[in-house]
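# A closer look at the structure
Each chain, letter by letter, is given below.
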Amino acid sequence: MNTPKEELEDTIFPIVAQMNRGKRLIQTSEQKYEMAKLNLIAGETCIGNSSFNSAADYFSHGIELLPEDCWDCEYDLTINLLGSAQEASFVTGDFRKLRLLSGEVIMKAREFDDKLKSYCGLVRYLVSLERKEEAISTCKVILTNLEEPMAARVTDDACYHAIVTTKSMLAKHPGDKILGLPRMTDMHRLAAMEFLQCILLAVFNSPDPRMGVLIVSQMIQLSLDYGLCDVSAFAFAMFGSTLVRDTTKDLEAGYFYGTLSLKLLDVLGASRRFKARVFAMVYGTINIWRDPLQASLDNLLEGYDAGCSVGDLEYALKSANVYAELALYTGQDLSTLEKKMRTFVQRALQCNQVAAKLAIVTHLSAVLKLTGGAGEEDVYQLLLHTTEKDLFKLLESRNDRGVCFAMLNNQKLMHIFKGDMESAIHVYDLILNSTVTQMDMENIRTWPFMMGSFADGLIAFSRARKNNEDKHKWIKTGEDTIKTFKAWEEISKWNYSNKLYLLEAEYYRSVGNNDLALDKYGSSIQSAKKHRFVNEEGLAHIFCGQYHFDQGRRDVAQHSFVEAKRCYMRWGAVALISALQPVA
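Every chain is numbered on its own, with residues counted from 1 as its sequence reads. Per-residue local features are limited, in this predicted model, to residues with pLDDT of at least 70; the limit for side-chain atom pairs, both in listing and counting, is 80 or more; totals at the level of whole chains, interfaces and linings are taken over all residues. By convention in this description, side-chain values take in all heavy atoms of the structure and omit both hydrogens and water.

With that settled, the discussion passes to the overall build of the protein. Under the DSSP-based scheme used, a helix requires at least four consecutive residues in state H or I and a strand at least two consecutive residues in state E, with every element numbered from the N terminus. Helix and strand content of the protein: 29 helices and zero strands. Across its three principal directions, the C-alpha atoms of the protein cover 95 × 55 × 40 Å. Buried means the residue's accessible area, taken with a 1.4 Å probe over protein chains only, is under 20% of the maximum for its type, while exposed means over 50%, and partly exposed covers the values in between. Evaluated residue by residue, the protein yields a buried proportion of 58% over its 584 residues. Here, residues are in contact when the closest pair of their heavy atoms is within 4.5 Å. Counting only contacts in the protein whose residues sit at least 6 apart along the sequence, the fraction spanning at least 24 positions is 68%.

And the structure:
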């Protein structure tokens, strides 16, 4: 069969399909190898067209055709066929086959370099199943063999030194000069970059995410020392994200490197493969500090679609999860959001992406509780075959702080939006006392964390009004939150001004300054309306109404509650409307 590969790709599917139907009739090894090669070409063509299930079928046919002496007689074909089959198995969620294939390659491949693709697939598999420690341990062994070991000790000093050193190296390439660096050619460094980026998702949701800072710095330094590669675009996006979340909070540098990573996608030709990863970081963790939150939503959906098209399911679903987090609390229509989130969950279920499934189901549950759908179905029981309470206990035992925090944080915010401060206080205490969520969440600094901080400030002032003995303590806690939001509001009035005004209103209410309290309630309502946070417009009406009720102005309070219900109706939060009781 001497037809050029390019011509074969146009006609290969009917040819190979016909030949596969008669493959049992083929007797000679030469013919079997030829058919295996054709199945490899057909499968690779399917992957290029995002048809991963079809690709998996072609690879399976090809593997079945390989004679017993394939490792000796057709080594390259065998390595390529099994490696491509592992990739397709990962995307389709056939992890049993992935384990079998990777095990065979790791056992029979002649050279360590020939095993790297199988090890990478194995690490992705472990990360997807939340087996973070195994994934990290495997990566450490591989990187040591590649002579690019991960840091032995993870300390605050080590992280600070890594960031300072990386900044110093980057200072030698001001502006966009990094775009002109040569391409990386060292095969072991290229492999090291692959493994370093592969493990990041597990590291940042591990009990000690500081390791991620060291890994990102290592990736940047490799790019500067040995040249740029496709992974470099993701490395700079992660570095930008690290800078905005780090204790130094270098927002300007974070934005610069986030923007640089978007440029690198085009310069390196990595847009197709790494768009989901770069978009998840830039639009999900960097730009939310300055740009209107709503502006990130379409980009995150684009990242989800891009990731699904190339089999980057981890970051396709990471983009989907960040989209869900932002959309949930930026006043997006909840019925539309529910449909999107069900699509995300279904994709995660189909592809065995356990970590993503748990995270997105948590937000879907919150949407259903807001819309009233939770009364008709228990999403945890339906999709995960467990209860919310039992799932939390399981994840807490595994130190899964990300999902545990999201579960409790969503509960706390649900109560806040209903005006049920007693229940919100109860969840606030649970978060503080949990062995997982009591960990320092400050450096996570995602949108849920910032919304949680907003809720904590409102809770602090509520406690100050109810507890004379600890009033000063809770006022001080609320004042600290106001100080934080003033700093954030200087960066983005769009995202934070209405929240700051509501916190200030609650402060003045707590210290008895009625005139300023009313002024700030009004400012919060108008700012939320102007910046399209209809959910928080309704929330400000609720707090304003409760304030009027406490002052004995029941007719005015009733008007505020009616306005809150109108906002919640536009949001689609039907369950909140029924939960708000008219002021008697």
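Okay, unusual backbone geometry next. Phi is positive for Glu130, close to 70 degrees, though the residue is something other than glycine. With respect to the element layout, Glu130 can be found in the loop between helix 7 (116–128) and helix 8 (132–145). Taking relative accessible area as the criterion, Glu130 reaches 13% and is therefore assigned buried.

Once that is clear, we can look at the environment of Ser365. By the element assignment, Ser365 lies in helix 18 (residues 354–371). Judged by its relative accessible area of 5%, Ser365 is buried. Once the C-alpha coordinates of Ser365 and Met407 are considered, the two residues, 42 residues apart in sequence, prove to be 9.1 Å apart.

As a further point, take the packing of aromatic side chains. Aromatic rings from Phe, Tyr and Trp, taking only the six-membered ring of Trp, are treated as a pair when their centres fall within 6.5 Å; an angle between ring planes under 30 degrees marks them as stacked, one over 60 as edge-to-face, and anything in between as tilted. Using the criterion set out here, one finds 25 aromatic pairs in the structure. Ring centres of Tyr507 and Tyr508 lie 5.2 Å apart, and the angle between their planes is 65 degrees; on these two criteria the pair is classed as edge-to-face. Through pairs of rings, three or more aromatic residues link up here, namely Trp289, Trp447, Phe454, Phe485, Trp488 and Tyr496. For a lysine, the NZ atom is tested; for an arginine, the CZ atom; a charge sits over a ring if that atom is within 6 Å of the ring centre and within 35 degrees of the ring normal. Between the NZ or CZ atom of Arg110 and the centre of the ring of Tyr75, over which it lies, the distance is 4.0 Å. Above the ring of Phe533, the side-chain terminus of Lys499 is found at 4.1 Å from the ring centroid.

What follows covers the nonpolar core. Within the largest apolar cluster, 210 residues are counted, with the highest numbers of intra-cluster contacts made by Phe195, Ile199 and Tyr568. Sequence-distant contacts of Phe195, defined by excluding residues within four places in its chain, comprise Leu116, Tyr119, Cys120, Val123, Cys139, Ile142, Leu143 and Leu146. To form a nonpolar core, buried Ala, Val, Leu, Ile, Met, Phe, Trp, Tyr and Cys residues must be joined to one another through side-chain atoms within 4.5 Å.

A few words on the pattern of salt bridges. Salt bridges are defined as contacts in which a side-chain nitrogen from Lys or Arg sits within 4 Å of a carboxyl oxygen from Asp or Glu. Summed over all chains, the structure comprises 31 salt bridges. Residue Lys263 is joined to Asp176 by a salt bridge in which the shortest nitrogen-to-oxygen separation is 2.8 Å. Of this pair, Lys263 sits in helix 13 (residues 251–267) while Asp176 sits in the loop between helix 9 (156–170) and helix 10 (187–203), and the two are 87 residues apart along the sequence. Residue Lys263 is classed as partly exposed on the basis of its relative accessible area, which comes to 33%. Among the ionic pairs, Glu194 bridges to Arg273, the shortest N-O distance being 2.7 Å. Placement of Glu194 in helix 10 and of Arg273 in helix 14 (residues 271–286) is noted, with a sequence separation of 79 residues between them. A relative accessible area of 36% means that Arg273 is categorised as partly exposed. Sharing partners across several salt bridges, the network here consists of Arg124, Arg277, Asp312 and Glu314.

Its place among the elements puts Leu98 in helix 6 (residues 95–108). Considering only alpha carbons, one finds Leu98 and Glu147, 49 residues apart in sequence, at a separation of 27 Å. Sequence-distant contacts of Leu98, that is, excluding residues within four places in its chain, are made with Gln86, Ser89, Phe90, Gly121, Leu122 and Tyr125.

Let's shift gears to helix 8. To estimate how far a helix should reach, multiply one less than its number of residues by 1.5 Å. In a regular helix each residue adds 1.5 Å, so 14 residues correspond to 20 Å; helix 8 covers 20 Å between its end C-alpha atoms and thus fits that length. Every buried residue of helix 8 is listed here: Lys132, Ala135, Ile136, Thr138, Cys139, Ile142 and Leu143. Down the axis of helix 8, the buried set is contained in an arc of 160 degrees. They therefore lie on one face. In helix 8, the exposed residues that point more than 90 degrees away from the buried face are Glu133 and Val141. In this fold, the buried residues of helix 8 make contact with helix 7, helix 10 and helix 11 (210–226). Two residues or fewer past helix 8, Glu147 is found with a positive phi of approximately 65 degrees. When we speak of the arc, we mean the arc of directions from the helix axis to the C-beta atoms.

These figures come from the coordinates and say nothing about function on their own.
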